[in-house]
Amino acid sequence: MNEDILKLKIERIKWETPDTASFYLSNTTGKPIHYKAGQFITLIFNHHNEEIRRSYSLSSSPDEDLLSITVKRITNGEISRFMLAKEHPGDILTALTPAGRFTITNFEPEKDILLFAGGSGITPIFSQLKYILNRPGKSRITLIYSNQDAKSILFKDELIELAAKYPDRFTIINLLSSEANRLNTDRVEKLTRQIVQHELGKAEFYLCGPFPYMRMIRFALVYMGINPNQIRRENFVLETVSVTSSIINFPPRNIRIKFKNEVHDLAVGENQSILQAALQNNVALPYSCRNGVCSTCTAKCASGKIEMVKNDVLTDADIAEGWILTCTGHPISDDVVISFGE
C-alpha cells in the first residue's frame, strides 16, 4: 500500500446522541492535515484479513486544531457499530488523506445558499457552516434540517449559537417528522421561493442525507427551473456497497495514468474499470466505495474518452472540466490519459 496514508490518534470521543458520537483526531506525526470544509476521510480497517474501507464526512472546520468525524450507528453497519463500541481515546486509526468535492468555494458574493440536511447528513454541512461564517461574506445561508424528532438533532446547541452570532447571514429551519412536519416536493419549492431573496439563477443548493431524500429535493428543484449545475449533493456513511456492473460490453483498451510523479502504461481488460486495472497492476490509486458515490477516486481525464456506468457525485460542470470516477470509469478509446493531484 503506497497511498497517502494517515495515522490518526483518537484524542477524545463526544456522544452527540445515544447512537451518534464525534471522534476528535490528531495526526500522529504532528503535521497539520490540510482539507476543505465539506470533505471526508476514508478509514481503512483490517477485519479477518480483509481490508474494509469506509468514508466519513469531517464535521470539523479547517480552522480547528483537531479533525473530527461524526459516526452514527447504522443497523447492520459493521464498521459504525465497531467504531462506537470498540474504539477508545488513544487508539490509532488508519485513513486516506481528506478528499471530496462537496465544498463551497464562492461564498463571498451576495447570493442565497440553501443547505438541505437529513439526519446525520448535517455532518459535512456543519463543517461548511463553521468555516464560511468565520469569514466575511455577503451570501445568505439557510439550513433546512430534517430529523425524526428534536432528540435526534445533531449539533443542536452549536447551530443555535451560530444562528445567534450571525443573524443576518444564517437561518435554521428545523423540520421534525414527529410533528408531522416533513419535507416533500411541494414544500421544497415553497421554501425555496420564500427563502431566496436574490436572483434564483445565482442561488446554490447543497444536499446531504439519505439517497431518496436527496433525489426528491433535486427533482423538486429541477422541476421548478433550477439548473442542475446549481445543485451539489453528498452521499454520506456508505456502510454497504457493491461494485457496479454494467450490461454494456467494454473491450480491452490501453491507457496511461500519471500518479505521484510516475507514469504507468496499463492494459485495461474487457469490462474492467480503470481502478480495477490499476490495482491489478499494483498502482495503488485512492478509492473507497467502488460504486460511483463517494468521489475518493476522482481524477482528471486529459485526453481520450471515458464512460462511467454510474455517477452519483460529479456534476455536469465537473464532467465538462474532465473529472471522472476511476471506480466506474471505462476507457472507450486508446488515447486515454488520466492524471491525479491537479
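Attention in this report is confined to the structure presented alongside it. The structure displayed is predicted, hence computed values, not measured ones. (Residues numbered from 1 in each chain as written. Predicted model: local features only at pLDDT ≥ 70, side-chain atom pairs only at ≥ 80, totals over all residues. Heavy atoms only, no water.)

1. Considerations on the sheet that holds strand β1 (residues 5-17)
In step 1: The strand order across the open sheet built from six strands is β4-β3-β6-β1-β2-β5, with neighbouring strands paired in antiparallel fashion. The open sheet is flanked by β4 (50-57) and β5 (67-72), the only strands paired with a single partner. Shown here is a sheet whose adjacent strand axes are inclined to one another by a mean of 40°, direction ignored.
In step 2: Where strand β2 (residues 20-27) meets β5, six bridges bridge the pair, whose relative direction is antiparallel. Within the sheet, the bridge partner assigned to tyrosine 24 lies in β5 and is serine 68. (Pairing = 2+ DSSP bridges. Helix = DSSP H or I, 4+ residues; strand = E, 2+ residues; numbered from the N terminus. Axes fitted to C-alpha atoms, helices over the stretch in contact; angles between N-to-C directions.)

2. Observations concerning the sheet that holds strand β14 (residues 298-303)
In step 1: The strand order across the open sheet built from five strands is β13-β12-β18-β14-β16, with neighbouring strands paired in mixed fashion. Both edges of this open sheet fall to β13 (262-268) and β16 (323-325), since each of them pairs with a single strand only. Averaged over all pairs of adjacent strands, the angle between strand axes in this sheet comes to 35°, irrespective of strand direction.
In step 2: Pairing of strand β12 (residues 253-259) with strand β18 (residues 336-339), which is carried by four bridges, proceeds in the parallel orientation. Its bridge partner being in β18, lysine 258 is matched across the sheet by serine 339.

3. Regarding the environment of glutamine 230
In step 1: Following the sequence through the fold, glutamine 230 ends up in the loop between α5 (211-223) and β11 (231-234).
In step 2: We classify glutamine 230 as buried; its relative accessible area is 14%.
In step 3: Distance in space between the C-alpha atoms of glutamine 230 and tyrosine 206 is 8.5 Å, their sequence separation being 24 residues.
In step 4: In this structure glutamine 230 touches Leu200, Gly201, Lys202, Ala203, Glu204 and Phe205, once residues within four positions along its chain are discounted.
In step 5: Reaching out from glutamine 230, the side chain makes a polar contact with the backbone oxygen of alanine 203 at a distance of 2.8 Å. (Buried < 20%, exposed > 50% of the residue type's maximum accessible area, 1.4 Å probe, protein only. Contact = heavy atoms within 4.5 Å. Polar contact = N/O pair within 3.5 Å; in protein donor to acceptor, adjacent residues only side chain to side chain.)

4. Considerations on the layout of surface pockets
In step 1: Within this model, the second largest pocket holds a volume of roughly 460 Å³.
In step 2: Taken together, 23 residues line the second largest pocket, and the ones lying closest to its centre are Gly118, Gly119, Ser146, Asn147 and Gln148.
In step 3: Of all the secondary structure elements, the ones that give two or more residues to the lining of the second largest pocket are β8 (140-147) and β9 (170-176).
In step 4: The element contributing the most residues to the lining of the second largest pocket is β8, with three residues.
In step 5: Among the residues forming the lining of the second largest pocket, the class breakdown is nine nonpolar, eleven polar and three charged. (1 Å grid on protein atoms, 1.4 Å probe; cavity = no way out; pocket = protein on both sides within 12 Å on 5 of 7 lines; lining within 4 Å. Points joined across faces, edges and corners; volume = space filled by probe spheres on them. Nonpolar A, V, L, I, M, F, W, Y, C, P; charged D, E, K, R; others polar.)

5. So, unusual backbone geometry
In step 1: Positioned with a positive phi, alanine 180 is a non-glycine residue whose angle comes to about 55°.
In step 2: Summarising the element assignment, alanine 180 is placed in the loop between β9 and α4 (185-195).
In step 3: Overall, alanine 180 belongs to the exposed group, its relative accessible area being 72%.

6. Points about the packing of helix α2 (residues 122-133) against helix α3 (residues 156-165)
In step 1: Packing of α2 against α3 brings their axes to within 12 Å, and their N-to-C directions diverge by 30°. Judged by the angle between their axes, α2 and α3 are roughly parallel. The handedness of the crossing between α2 and α3 is left-handed. Here Ile122, Phe126, Leu129, Lys130 and Leu133 of α2 lie close against α3, whose contacting residues are Glu158, Leu159 and Leu162.
In step 2: The residue inventory of the contact of α2 with α3, partitioned by class, reads six nonpolar, no polar and two charged. (Parallel < 35°, antiparallel > 145°, perpendicular 65-115°, else oblique. Left-handed = near helix turned anticlockwise from the far one by under 90°.)

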